[in-house]
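Inside the fold
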Amino acid sequence: MALPKGFRWGGALAANQVEGAWREGGRGPAVSDVATYKPKADPKEYALHHVNTVASITAALEDDDTVYYPKRRGIDFYHRYPEDLALFAEMGFTTLRVSIAWTRLYPTGEELEPNEEGVAYYLALFEEMQRVGIEPLVTLSHYDPPIALALKHNGWVERRTIELFERFSRTCFERFGHLVKMWLTFNEIDGMIRHPFTSGGIIEETVEGSVLQASYTALHHQFVASASVTRMLKELWPEAQIGCMLTMLTTYPNTCHPDDVAATQAKERLLYLCTDVQAAGAYPSLALNALGRMGVEIPFVEGDVELLREHPVDFISFSYYMTMTESVNPDAERTPGNTVLGVKNPFLESSEWGWQIDPVGLRISLIDLYDRYNKPLFIVENGLGMRDELTDDGKVHDPYRIDYFRRHFEQMIQAVDEGVDLMGYVSWAPIDLISASSSQISKRYGFIYVDQDDLGNGSGDRLRKDSFFWYQKVIASNGTDL
Ligand code: BGP
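No experiment lies behind these values; they were computed from the predicted model shown. (Residues numbered from 1 in each chain as written. Predicted model: local features only at pLDDT ≥ 70, side-chain atom pairs only at ≥ 80, totals over all residues.)

1. As for the packing of helix α16 (residues 399-417) against helix α17 (residues 466-476)
The description of two helices packed together rests on the angle between their axes and the distance between the axes. Look at α16 against α17: their axes get within 9 Å of each other, and the N-to-C directions meet at 25°. It follows from the interaxial angle that α16 and α17 lie roughly parallel. For the pair formed by α16 and α17, the contact residues are Arg401, Ile402 and Phe409 on the first element and Asp466, Ser467, Trp470 and Val474 on the second. Partitioning the contact of α16 with α17 into residue classes produces four nonpolar, one polar and two charged. (Axes fitted to C-alpha atoms, helices over the stretch in contact; angles between N-to-C directions. Helix = DSSP H or I, 4+ residues; strand = E, 2+ residues; numbered from the N terminus. Parallel < 35°, antiparallel > 145°, perpendicular 65-115°, else oblique. Contact = placed C-beta atoms within 7 Å. Nonpolar A, V, L, I, M, F, W, Y, C, P; charged D, E, K, R; others polar.)

As structure tokens, this is what we get:
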């Protein structure tokens, strides 16, 4: 069992969770800047994620605070990236996934020309990556639409946002395309349905009609934008590759009762809706039908069907953290996981945040996706959020993280052995950062520890955890030494 030569290894980041410097370099505010962290007595009780009424957003934007809005400070990657890239290179990374903050290039999303300071920042970042031998994989949109568009147009609900996003993408392709050959359009595009504010800048109180309808409208607009920028990239850089990005939530029936199986099938139909559109080029008719029965209509305009059909993505990327279990029994025990609530799977352990750890599920997901679409796959997020302890000897011993990755890698390699075409693996996240769902840094993912607590105290210094040296060895051996 072996991975192909040239298999890409690395890590994944998102601008809004690492950069900080929220008001530097001419950057405009994004929805992530109003994500709050409020400590609670019981750490298992989730922090309130966003202030997202018009009044509270407006008040939040007038407030300079970076303590209770941790995504505004991130881990100061904006200034410290050379040091971080050096550490990634030391681990042997060949690929690093980063995202470009839309509001660094277009502070309100509506300017006609890009902010040159923002362009210069990303140019410097990609040049430094090239210098240390790490290839960028770049997400155009990762949970940070401009807040101005949210307040003005309800973000992606308004069709005009497509044009604005095209303008932003054109700048990215034109200015960075000589250094960036792998792109992703929207991070976890399906997230629009679970968290419409974070993904789409949708302020629920201002939505006319149902939020579900608004979310599918916004999702459709992102599909159209994705196909349109795929076409644009191919015109500008024919050799470049572009992928979609899905939250892979493989779902098991809780029992072999046919009703549980049917419910699981219905769930998966909506899961695959996004890849059907972005990779296969059309909405699946059964999913459209199911949406229709939920009162949702997709706002097609002339040309959409052809655009989607003619410009599918080159590869499918996904995040994988857990699997879900479905039951029709209302009394089945539920477990919180990410922003979705599923039935507890008695065969799996969960992290403190309720995420059910399932290495075999990764193999099942890879096989399932490859079998459905026959397109190359890329694992662009996978990892374990845990509270790490900095010991007196100045080290972090994290055998649990090594064990997590080892078990996932075994399954990944087995899937490749079974014939899955896998382009690479980038972990979430190679360095501790601000968690998307809880805004905490203490839900730590990294191979590199960042000396910062949930309120921003600490030196910000970087420190190699035990898992750093283990991952380094895995990469050097291309996965043979686990
Ligand atoms: C995915 C997001 C990432 C990331 C990760 C871990 O959903 O794409 O941005 O944060 O999940 O989630 P969390 O930070 O909530 O633990």
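2. Some words on unusual backbone geometry
Put simply, Trp428 and Ala429 share a cis peptide bond, and its omega is -15°. Relative to the assigned elements, Ala429 resides in the loop between β14 (422-428) and β15 (448-450). We note that Asn154 has phi near 55°; this positive angle belongs to a residue other than glycine. You can see Asn154 is positioned in the loop between α6 (147-153) and α7 (160-176). Despite not being glycine, Asn478 shows a phi value in the positive range, around 50°. On the neighbour-count criterion, Asn478 (16 C-beta atoms within 10 Å) is partly exposed. (Buried ≥ 20, exposed ≤ 12 C-beta atoms within 10 Å, placed from the backbone.)

3. A short note on the nonpolar core
Among the nonpolar cores identified, the biggest contains 131 residues, and Ile316, Leu377 and Val380 are the most heavily contacted of them. The element best represented in this core is helix α10 (residues 211-236), accounting for ten residues. The contacts of Ile316, once residues within four sequence positions are left out, are Gly243, Cys244, Leu246, Thr275, Ala279, Leu369, Tyr373, Lys375 and Leu377. (Core = buried A, V, L, I, M, F, W, Y, C linked by C-beta atoms within 7 Å.)

4. Things to note about the pairing of strand β7 (residues 315-319)
Where burial is concerned, most of β7 is hidden: five out of the five residues are buried. Pairing between strand β5 (residues 241-247) and β7: five bridges, direction parallel. Looking at β7, one finds that Cys244 is bridged to Ile316. Of the pairings in the sheet, the one linking β7 to strand β13 (residues 377-381) comprises four bridges and is parallel in character. Its bridge partner being in β13, Ile316 is matched across the sheet by Leu377. (Pairing = 2+ DSSP bridges.)

5. Focus on the sheet that holds β7
Strand order in the closed barrel made by the eight strands is β1-β2-β3-β4-β5-β7-β13-β14, with parallel pairing throughout. The average undirected angle you get between the axes of adjacent strands in this sheet is 25°. The sheet contact formed by strand β2 (residues 95-99) and strand β3 (residues 135-141) spans five bridges and is parallel. Bridged to Val98 within β3 is Val138. On top of the sheet, helix α15 (residues 359-373) reaches β7, β13 and β14; it is set at about 140° to β13, its chief contact.

6. Describing the environment of Asp454
As for its position among the elements, Asp454 is in the loop between β15 and β16 (462-464). In sequence terms Asp454 and Tyr68 are 386 residues apart; their C-alpha atoms lie 8.8 Å from each other.

7. Observations concerning the pairing of strand β1 (residues 8-12)
Burial analysis of β1 places five of its five residues in the buried class, the great majority of the element. Alignment of β1 against β14, held across five bridges, turns out to be parallel. Within β14, the residue paired with Gly11 across the bridge is Ser427. With three bridges connecting them, β1 and β2 associate as parallel partners. Across the sheet, residue Ala12 finds its bridge partner in β2, namely Arg97.

8. Thoughts on the packing of α7 against α10
α10 packs onto α7 with a crossing angle of 30° between their chain directions and a minimal axis gap of 10 Å. The orientation of α7 with respect to α10, classified from their angle, is roughly parallel. In this structure, α7 meets α10 at a crossing whose hand is right-handed. Each of Thr161, Ile162, Phe165, Glu166, Ser169, Arg170, Phe173 and Glu174 in α7 lies in contact with α10, whose residues at this interface are His221, Val224, Ala225, Ser228, Val229, Met232, Leu233 and Leu236. In terms of residue class, the contact of α7 with α10 is built from nine nonpolar, four polar and three charged. (Left-handed = near helix turned anticlockwise from the far one by under 90°.)

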